[in-house]
Each structure stands twice: as structure tokens, then as C-alpha cells.
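Residues per chain are reported as follows:
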Amino acid sequence: MERQVSWFGIDFGTTNSAASSLTGTDELSVKQINYGDDEGRPFPSLVAININTGEVITGREAKERKNELSSEYKFFSSIKSIIGSNEVYEIAGKKWNPIDVAAEIFKGLKERIKARSGERCSEAIVAVPVGFTSEKKCNLREAAKRAGIEIKMFISEPTAAFCSNYVNLKGNRNVAVFDWGGGTLDVAVLRIENGRIYEMATDGMNMAGDNIDQKIADKIHQMVCKEKNIAISFEELDDATKDQLLMRCEKAKCEFSDGEDIVKIRINRYDKYGTVREEMTYDFFEKLVETEVNEAVGCLESAIKKAGFNIENIDKILCVGGSSKLRPFREKMEKRYNQDLLYYPDKVMWDIAKGASIICMSSGGYGLNQDL
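Basis of the calculations
- Residues numbered from 1 in each chain as written.
- Predicted model: local features only at pLDDT ≥ 70, side-chain atom pairs only at ≥ 80, totals over all residues.
- Heavy atoms only, no water.
- Helix = DSSP H or I, 4+ residues; strand = E, 2+ residues; numbered from the N terminus.
- Rg over C-alpha atoms; globule rule 2.2 N^0.38 Å.
- Buried < 20%, exposed > 50% of the residue type's maximum accessible area, 1.4 Å probe, protein only.
- Areas by Shrake-Rupley, 256 points an atom, 1.4 Å probe, with all protein chains shown as cover.
- Pairing = 2+ DSSP bridges.
- Contact = heavy atoms within 4.5 Å.
- Axes fitted to C-alpha atoms, helices over the stretch in contact; angles between N-to-C directions.
- Polar contact = N/O pair within 3.5 Å; in protein donor to acceptor, adjacent residues only side chain to side chain.
- Parallel < 35°, antiparallel > 145°, perpendicular 65-115°, else oblique.
- Left-handed = near helix turned anticlockwise from the far one by under 90°.
- Core = buried A, V, L, I, M, F, W, Y, C linked by side-chain atoms within 4.5 Å.

1. So, the overall build of the chain
Here's step 1: If you tally the helices and strands in the chain, you get 13 helices and 18 strands.
Here's step 2: Taken over C-alpha atoms, the radius of gyration comes to 21 Å for the chain, in line with the 21 Å a tight globule of 372 residues would show.
Here's step 3: Relative to its 372 residues, the chain shows a buried fraction of 51%.
Here's step 4: Here the chain has roughly 17500 Å² of accessible surface; of this, 43% comes from carbon and sulfur atoms.

2. Observations regarding the sheet that holds strand β13 (residues 185–193)
Here's step 1: Within the open sheet, the 5 strands sit side by side as β14-β13-β12-β17-β18. Their pairing is mixed. Looking along the sheet, the strands with just one partner apiece sit at the ends: β14 (196–205) and β18 (342–343).
Here's step 2: The pairing of strand β12 (residues 174–180) with strand β17 (residues 316–320) spans 5 bridges and is classified as parallel. Counterpart to Val 177 in the pairing with β17 is Leu 318.
Here's step 3: Each of β12, β13, β14 and β17 touches helix α11 (residues 290–306); the most contacted strand, β14, lies at about 140° to it.

3. Describing unusual backbone geometry
Here's step 1: Look at Ala 92: it is not a glycine, yet its phi comes out positive at around 55°.
Here's step 2: Mapped onto the elements, Ala 92 comes out in the loop between β8 (89–91) and β9 (94–96).
Here's step 3: For Ala 92, a relative accessible area of 34% puts it in the partly exposed group.
Here's step 4: You will see that Asp 271, though not glycine, has its phi angle at about 55°, which is positive.
Here's step 5: Here Asp 271 shows up in the loop between β15 (262–267) and β16 (276–281).
Here's step 6: Here Asp 271 falls in the buried class, since its relative accessible area comes to 13%.

4. So, the side chain of Thr 23
Here's step 1: Tracing the backbone through its elements, the reader meets Thr 23 in strand β2 (residues 16–24).
Here's step 2: Side-chain polar atoms of Thr 23 contact the side chain of Ser 6, separated by 2.7 Å.
Here's step 3: A polar contact is formed between the side chain of Thr 23 and the side chain of Ser 21, at a distance of 2.9 Å.
Here's step 4: Apart from the residues within four sequence positions on either side, Thr 23 is in contact with Gln 4, Val 5, Ser 6, Ser 29, Val 30, Lys 31, Ile 33 and Tyr 35.

5. Things to note about the packing of α11 against helix α12 (residues 327–336)
Helix packing for two helices is described by the angle between their axes and how far apart those axes are.
Here's step 1: One way to put it is that α11 packs onto α12 with a least axis distance of 10 Å and a crossing angle of 50°. Between α11 and α12, the crossing angle belongs to the class labelled oblique. Note on packing geometry: the crossing formed by α11 with α12 is right-handed. Contacts between α11 and α12 pair Val 293, Asn 294, Val 297, Leu 300 and Glu 301 from the former with Pro 328, Phe 329, Lys 332, Met 333 and Arg 336 from the latter.

6. Concerning the nonpolar core
Within soluble globular proteins, side chains that are nonpolar generally end up buried alongside one another.
Here's step 1: In this structure, Phe 178, Trp 180, Leu 245, Leu 300, Ile 317 and Phe 329 are the most contacted members of the largest nonpolar core, which totals 52 residues.
Here's step 2: Here the element with the most residues in this core is α11; it accounts for 7 residues.
Here's step 3: Those residues in contact with Leu 245, other than ones at most four positions away along the chain, are Ala 217, Ile 220, His 221, Phe 234, Ile 265, Ile 267 and Tyr 270.
Here's step 4: Membership of the second largest hydrophobic core comes to 36 residues, among which are Val 47, Ile 83, Ala 147 and Phe 154.

7. Brief notes about the pairing of β16
Consecutive residues of a regular strand have side chains that alternate between opposite faces of the sheet.
Here's step 1: Only one face of β16 is covered, namely the face carrying Val 276, Glu 278 and Met 280; the face carrying Arg 277, Glu 279 and Thr 281 is uncovered.
Here's step 2: The pairing of β15 with β16 spans 6 bridges and is antiparallel. By the bridge assignment, Arg 266 is partnered in β16 with Arg 277.

In C-alpha cells:
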């Protein structure tokens, strides 16, 4: 019986992380397996550490129990954004640094892989944002090592996204990859020649879905204050209220993207002010996020210009990441460019991890019949 082999790719994200593998006995028998939480969604990049016992909870459980556990646990989110710092946190008599915290995300993903497929992830290719510094890469490599994973190579998230969609896009020569997630926007302009991928230019910014959720939450909070005739800043609200409001605003954003024209936001206990019920129209939402949408489109066009191209030289714009589904963004892109120029994959949340696994397999001598 032939031994089964897995090639792993990991998307270590600001808001969510994911792993994907190509698993089989040879390149003809491989199948794609995605690893996230128990509900088939990506693994939230959230770590909670008990301040008394040092117990660690990660992923979906940490996210869904955040309000319940907030008084007993120290929570770390957006870990990728602090991985380059030298901060030290003393929790339950132990000193933690960002590398220790990031290692818990890798451990969580490794456990999900083992639970789902029985495979042991000992090495992987990891996708990181455009402009991720050498120091951050070194720290991330050490974090993975502490979880028992050797990082074979780093790949930029936009390039990984392209590789995931290579079969459908390989007929194009110049492709702009627009990767707008929860924490960052990364753009890469790629040139494809004879199965080789060249990064011609990159650009990006630290403005994404989380910023938009916060902006909606700030506006809803202002509406609540006006209605109840109170004066309290968003930051002064209790943690449970802030968490609930941000979750409701994220849901509202998604409902607009699904075609709703009016969304309702209800919270049963808004700090000490009782139940709140607010609503927002799509027209208002569109104007609210107009600046962010314009900046995102500007970032795309900046990368294209850096590559020495104009839009006429671009054969396809690959849009991935949850924020690329933002309705005002899609509508602006469709008005600004020919709709045939835009390509939206079906499962954008797994694209980057999947692309990293394809690169991992290719680097092992297998081409997955794609001549990549």
C-alpha cells in the first residue's frame, strides 16, 4: 500500500487563519482538504489565556465565548499585527511574548488538521501580506517551530491567491490580484510567462473589513446616544456591548452585500441603557464607506502604475478576501472597469491557503498537472 502524502499551505490571517492540503499517494490521486473550525469556516486568529491558570483557548471557541470569558481571560486578536513587537505579557506567572501567542494559532490549526484527516502537519508554506518585514517573518517562523511546523517558504498572499485560481487564469498574461480581507489590503500585479509567475509590483494598506465594522459601530453608537439622550464614547461601553455591536455591524455589512437595502441592528442589553433597535439603509451605508472604497480602488491603480502598466494592459483583476465582496466596492469596480475584467472565485476564504498548498506541492517536484 502506497504511503499517503500531504502538502500543506497556511494562510496566517489577521482576522482568520486557514490551512489547506493536497493529500494523496501521487499527483493524480490528490484531493484538496480545507481545515478551519468545526463548522467549515476559517479558524479565527484569536487567543485567550486564563489570567489565573494559564489555560489557552483559541479559534472559534475563543471568539464565541469572548463575552463570557472576558473577566477571566486575556484576549489577543490581530496577532499578525503585533508579531514584530517585543512586548511581554505576564499571565498566570508566565511571561508571554507575541511569538508565544502566535504559536497557539499554529497549534490550533495543527490540531484541526489531525482531527479531520489524521495527518501530521510538520512543514508548510505560509502566505503573508505584501510588505511583511524580515523581522516579522523570522518571528512567525519561530512561532510555527514552537508548534512543530517548519515553514519551508513564505509566499505573498496575492500570489498564493493567483496560484489557487491558476487553472482558470493561466491564459492571461498580466493579472492584478486584489486581496482585501479583515485586517489588510494587499495588491500584486503579476506577469505569467511559460508557467512562471513574476511579481511586477505590489502595494497595500492596513485598512480593511475590521476598520469598516468599527466605522459602522461608531455610527450606530452615535444614533443610540442621540435616541436615548446620553453622552458616552464607544470606548467607555462595557466589553460585552462593544463585542455585540461589532458583531452585529459585521453581520449588517454582509447583509448589504447579499442584496439587502435596509438592515436592522438590535442589542438586548446595551451597557446599562437597555434594548436598542436601529436601522441603516444601503444608500447611507454606501456613503459611509465611500472613502474606504475609493482608497481601495486607488491602491489597486497605484500597484498597476508601479508595474509600468495602465488598465488596458491588465487581462484580469482577481478579487479575493472577504472585503472584496463589499457591495459598494463591487458596484464601483463594475462601473469603472469592464465587468469581464473582474474575476471573483467561489470560495475566497480558502483561496490563499489552497494556493500555498499548490506551491508546496510544486516545490516538492509535482506540478499538479498545471505546469506551474
